[in-house]
Amino acid sequence: MALTNEHIKQKLIEKFGDQVKNFTEPYDLLTFESPKEINLKVLNFLYDDEELKFRFLTDLCAVHYPDKKGKELAVVYHLHNLVDNVRIRLKVFTGIEKPDVYTATGLFSAANWMERETYDFYGVNFIGHPNLKRILNVEEMDYFPMRKEFPLEDQTRTDKDDEMFGRGGN
Amino acid sequence: MTEHHIKLPEGSIEKTTTTLNLGPTHPATHGVFQNILELDGERIVSAEQTVGYIHRAFEKIAERRPLYQITTLTDRLNYCSSPINNMGWHLTCEKLLGIKTPKRVDYLRIIIMELARISDHLICNSIVGVDAGAYTGFLYVMQYRELIYEIYEEVCGSRLTTNIGRIGGFERNFNDIAFQKLEKFLREYPRVLKEFENLFQRNRIFMERTMSTGTISAERALNYGFTGPNLRATGVDYDIRVHTAYCSYEDFQFNIPVGNTGDNYDRWLVRSQEMWQSLSIIEQAYHKVQEFKGAEAEVYHADVPEYYLPEKEDVYTKMEALIWHFKIIMGEINMPAGEVYNSVEGGNGELGFYLISDGGRTPYRLHFRRPCFIYYQAFEELTKGGMLSDAMITMSSLNIIAGEMDG
């Protein structure tokens, strides 16, 4: 029997109850959230379960939502079951004041650099990571550049005026 | 008798290994990245990589650009096979926007993507040869990469950073010269590829240099997030073209070549075999393209006025076309809110695009899954205990492209 999204959802709810929530299926990819305290338990369950077998970490990245108070940062895991060829997406939200999330490096060697990249750009502090330091940016950098409070261009520039195009203007 | 060795200060521990700084700019790294190697004689004790020398903040830049302007950023990821990146991006946008492309567009895209795969693998395999001391193959096959680039030129006007195709299709139809060059390629390339293989495949020196060096098991490779030819060389037949067929790949017959030892030699063989498969796919696609007759043979884009630029002639003569042209150019079109992950089989493996839209004009968040970045972390494990000169071959047989790694 093919592994369906509904079945995965049932198994997760059976195991974790109402701790895993907000199940959606954007573009047929099962997406759900778990509290950050149990992210490793969820990942381990998905990895070890004989039916689920989500043993390939496709991608790990973060997203910044400045308006969501108390859960500004989301760490997004894309997992893949290569046997049944099913993908799922797990989101773990954390507050920006204390962005601590447990590391997945124990489970996936691939998570090492992906988590360093996420730390580098969003400042997510992966607890237990063997070597959590900046990877793409210079080590002296003292901010996390992909956060939304850093606009791409200098907002005080006056030589690029949107007024001509019916936008912005004073 | 006087003693010749240097007197170390009192209390210092004598170091028995040598530190070698390989890179960031070194002719053998074929890209800008650094390796700090600890050597015991010629054996590698440990290797630490420093990456990010050409990091260009594409993900940040993308948050300020409308969809069609992001294509040029994807060019600069794996610049040996830019068209695959471009197509991957267009396919992601089309998935988000719910655009269905005509079959002819899909087949033309497949021709371009497979040509790009050939040029990517060709460079990788011939560079492995160069690093093993065989320069001839590299110079010989350059001629055919040039021919592939000429085909790109006919289709989109540029060669390396192609910006080929648009959301919904191509910017223009393929002209006759493009098809003539494609025919020339299909006619001449098999002989050249055979000759190229003869230079290496059963070459005693090449085999001894590459066999059982840079070995990784299937299990470790999966744990390290390997994809593409590097994963297939370990014996795992994971290919996105087959597993999650996109762009009508399901209409084609081809095999997934796999290795079994996951060493440099197997990676070389897998890439070589993939070129044969790509050739066969191109032939099939070209036949399918030729089967379109009449008006169907002129189709080169889907009908999506919100995202596909109208013909220049129409812009000057038709009001509606002018409005769309203006709206697209000024980036004034809101895209639907949504969250999409789409991946294509790039030259190096699974090239993924994770796009979050909040309904605005630009992506809220765009993340590139760059295969190079993910598998390069295994470099230490691959080379530890091996010879320095084998590590150079391992590096090129993994096909590490700094542009893709640093994003």
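Here's a quick rundown of the structure. Computed from a prediction, not measured in an experiment: that's the story for all the values here.

## With respect to the overall build of chain B
Right, on to step 1. Summing up its helical and strand segments, chain B has 17 helices and six strands in all.
Right, on to step 2. Taking 22 Å as the expected radius of gyration for a compact globule of 407 residues, we find that chain B reaches 23 Å, a close match to that expectation.
Right, on to step 3. Across the 407 residues of chain B, 58% fall into the buried class.
Right, on to step 4. Sequence-distant contacts, at least 24 apart, represent 70% of the contacts inside chain B between residues at least 6 apart.
Right, on to step 5. Accessible surface, chain B as shown: approximately 16,500 Å² in total, 53% of it carbon and sulfur.

## Digging into the interface of chain B and chain A
Right, on to step 1. Taken residue by residue, the interface counts 43 residues in chain B and 47 residues in chain A.
Right, on to step 2. Here chain B and chain A share an interface that buries about 3,900 Å² over both sides, 55% of which is from carbon and sulfur atoms.
Right, on to step 3. Of all residues in chain B, B:Lys60, B:Glu339 and B:Tyr364 bury the most surface against chain A, accounting for 17% of the area lost on that side.
Right, on to step 4. For the interface between chain B and chain A, the tally reads six salt bridges.
Right, on to step 5. The tally of links between chain B and chain A comes to 26 residue pairs in polar contact (both at pLDDT 80 or more).

## Some details on empty space enclosed by the protein
Residues and elements named next belong to chain B.
Right, on to step 1. This model, assessed by the stated rule, comprises three cavities of 30 Å³ or more.
Right, on to step 2. There is about 130 Å³ of room inside the largest cavity.
Right, on to step 3. Lining the largest cavity are 13 residues; nearest its centre among them are Pro66, Leu67, Tyr68, Tyr307 and Ile333.
Right, on to step 4. Of all the elements in the fold, those that place two or more residues in the lining of the largest cavity are helix 2 (67-75) and helix 13 (319-329).
Right, on to step 5. Partitioning the lining of the largest cavity into residue classes produces eight nonpolar, one polar and four charged.

## Digging into helix 16 (residues 388-397) of chain B
All names here are of chain B.
Right, on to step 1. The buried fraction of helix 16 is high, at eight of 10 residues.
Right, on to step 2. Of all the positions in helix 16, only Asp390, Ala391, Met392, Ile393, Thr394, Met395, Ser396 and Ser397 are classed as buried.
Right, on to step 3. Downstream of helix 16 by one or two residues, Asn399 has phi in the positive range, about 55°.

## Considerations on the packing of helix 6 (residues 176-200) of chain B against helix 11 (residues 264-291) of chain B
All names here are of chain B.
Right, on to step 1. Two numbers describe how helix 6 lies on helix 11: the axes approach to 11 Å, and their chain directions differ by 160°. Regarding the angle of helix 6 to helix 11, the classification is roughly antiparallel. Pair helix 6 / helix 11 crosses with left-handed handedness. Of the residues in helix 11, those in contact with Phe179, Leu182, Glu183, Phe185, Leu186, Tyr189, Pro190, Leu193, Lys194, Phe196, Glu197 and Phe200 of helix 6 are Trp268, Ser272, Gln273, Met275, Trp276, Leu279, Ile282, Glu283, Tyr286, Val289 and Gln290.
Right, on to step 2. For the contact of helix 6 with helix 11, the per-class residue count stands at 16 nonpolar, three polar and four charged.

## A look at the packing of aromatic side chains
All names here are of chain B.
Right, on to step 1. Evaluated as defined, the whole model comprises 33 aromatic pairs over all chains.
Right, on to step 2. Between the aromatic rings of Tyr107 and Phe252, the centroid separation amounts to 5.6 Å while the plane-to-plane angle is 85°, which identifies the pairing as edge-to-face. On the criterion of sequence distance, the pair formed by Tyr107 in helix 4 (residues 103-131) and Phe252 in the loop between helix 10 (240-243) and helix 11 is long-range, its members being 145 residues apart.
Right, on to step 3. Relative accessible area serves as the criterion here: at 7%, Tyr107 is assigned to the buried category.
Right, on to step 4. One aromatic cluster in this structure is built from Tyr107, Tyr246, Tyr249, Phe252, Phe254 and Phe292.

## Considerations on the sheet that holds strand 1 (residues 21-24) of chain A
Residue and element names in this part refer to chain A.
Right, on to step 1. Strand order in the open sheet formed by five strands is 1-2-5-4-3, and the pairing between neighbours is mixed. Single-partner strands in this sheet number two, and they are strand 1 and strand 3 (56-64). Here the strands of the sheet are splayed against their neighbours by 20° on average, with no regard to which way each runs.
Right, on to step 2. Pairing between strand 3 and strand 4 (residues 73-81): eight bridges, direction antiparallel. Bridging from a neighbouring strand, Cys61 pairs with Val76 of strand 4.

## Considering the packing of helix 1 (residues 5-16) of chain A against helix 2 (residues 39-48) of chain A
Residue and element names in this part refer to chain A.
Right, on to step 1. Axis separation between helix 1 and helix 2 bottoms out at 12 Å; the angle between their running directions is 130°. Looking at the two axes, helix 1 sits oblique to helix 2. Two packed elements cross with a definite hand, and for helix 1 against helix 2 that hand is right-handed. In this structure, helix 1 contributes Lys11, Leu12, Lys15 and Phe16 to the contact, and helix 2 contributes Lys41, Val42, Phe45 and Leu46.
Right, on to step 2. For the contact of helix 1 with helix 2, the residue count by class is five nonpolar, no polar and three charged.

## Quick word on a nonpolar patch on the surface
Right, on to step 1. Taken together, the side chains of B:Met319, B:Leu322 and B:Ile323 make up a nonpolar region of the molecular surface, amounting to roughly 290 Å² of accessible area.
Right, on to step 2. Tracing the backbone through its elements, the reader meets B:Leu322 in helix 13.

## A look at the nonpolar core
Right, on to step 1. Ranked by size, the top nonpolar core spans 164 residues in total, and within it A:Leu12, A:Tyr77, B:Phe185, B:Tyr189 and B:Phe226 carry the most contacts.
Right, on to step 2. When residues no more than four places from it in sequence are discounted, the contact partners of B:Tyr189 are B:Ile118, B:Leu122, B:Tyr144, B:Lys184, B:Met275 and B:Leu279.
Right, on to step 3. Of all hydrophobic cores here, the second largest spans 11 residues; its members include A:Cys61, A:Tyr65, B:Tyr341 and B:Ile356.

## So, the environment of B:Ile44
All names here are of chain B.
Right, on to step 1. With respect to the helices, strands and loops of the structure, Ile44 is situated in strand 3 (residues 43-50).
Right, on to step 2. With 336 residues separating them along the chain, Ile44 and Glu380 place their C-alpha atoms 9.0 Å apart.
Right, on to step 3. Discounting chain neighbours no more than four positions away, the residues touching Ile44 are Glu38, Leu39, Thr383, Lys384, Gly385, Gly386, Met387, Leu388 and Ala391.

## Digging into the pattern of salt bridges
Right, on to step 1. One pass over the structure, following the stated rule, counts 34 salt bridges over all chains.
Right, on to step 2. Where salt bridges share partners, they join B:Glu114, B:Arg117, B:Arg232, B:Asp239, B:Arg241, B:Glu274 and B:Glu345 into one cluster.

## Comments concerning unusual backbone geometry
Across residues other than glycine, the phi torsion is negative in most instances, and most of the peptide bonds are trans.
Right, on to step 1. Of note in this structure, A:Asn85 is not a glycine but carries a positive phi near 55°.
Right, on to step 2. The residue A:Asn85 is located in the loop between strand 4 and strand 5 (86-94) in this model.
Right, on to step 3. Assessed through its relative accessible area of 25%, A:Asn85 is described here as partly exposed.
Right, on to step 4. Positive phi outside glycine occurs at B:Ala57, with the angle close to 55°.

Each value, and the rule that gives it
- Residues numbered from 1 in each chain as written.
- Chains lettered and ligands numbered in written order.
- Predicted model: local features only at pLDDT ≥ 70, side-chain atom pairs only at ≥ 80, totals over all residues.
- Heavy atoms only, no water.
- Helix = DSSP H or I, 4+ residues; strand = E, 2+ residues; numbered from the N terminus.
- Rg over C-alpha atoms; globule rule 2.2 N^0.38 Å.
- Buried < 20%, exposed > 50% of the residue type's maximum accessible area, 1.4 Å probe, protein only.
- Contact = heavy atoms within 4.5 Å.
- Areas by Shrake-Rupley, 256 points an atom, 1.4 Å probe, with all protein chains shown as cover.
- Buried area = accessible area lost by both parts, 1.4 Å probe.
- Salt bridge = Lys/Arg side-chain N within 4 Å of Asp/Glu carboxyl O.
- Polar contact = N/O pair within 3.5 Å; in protein donor to acceptor, adjacent residues only side chain to side chain.
- 1 Å grid on protein atoms, 1.4 Å probe; cavity = no way out; pocket = protein on both sides within 12 Å on 5 of 7 lines; lining within 4 Å.
- Points joined across faces, edges and corners; volume = space filled by probe spheres on them.
- Nonpolar A, V, L, I, M, F, W, Y, C, P; charged D, E, K, R; others polar.
- Axes fitted to C-alpha atoms, helices over the stretch in contact; angles between N-to-C directions.
- Parallel < 35°, antiparallel > 145°, perpendicular 65-115°, else oblique.
- Left-handed = near helix turned anticlockwise from the far one by under 90°.
- Phe/Tyr/Trp six-rings, centres within 6.5 Å; stacked < 30°, edge-to-face > 60°.
- Pairing = 2+ DSSP bridges.
- Patch = residues over 30% accessible without salt bridge, like charges linked within 9 Å, V, L, I, M, F, W, Y side chains within 5 Å.
- Core = buried A, V, L, I, M, F, W, Y, C linked by side-chain atoms within 4.5 Å.

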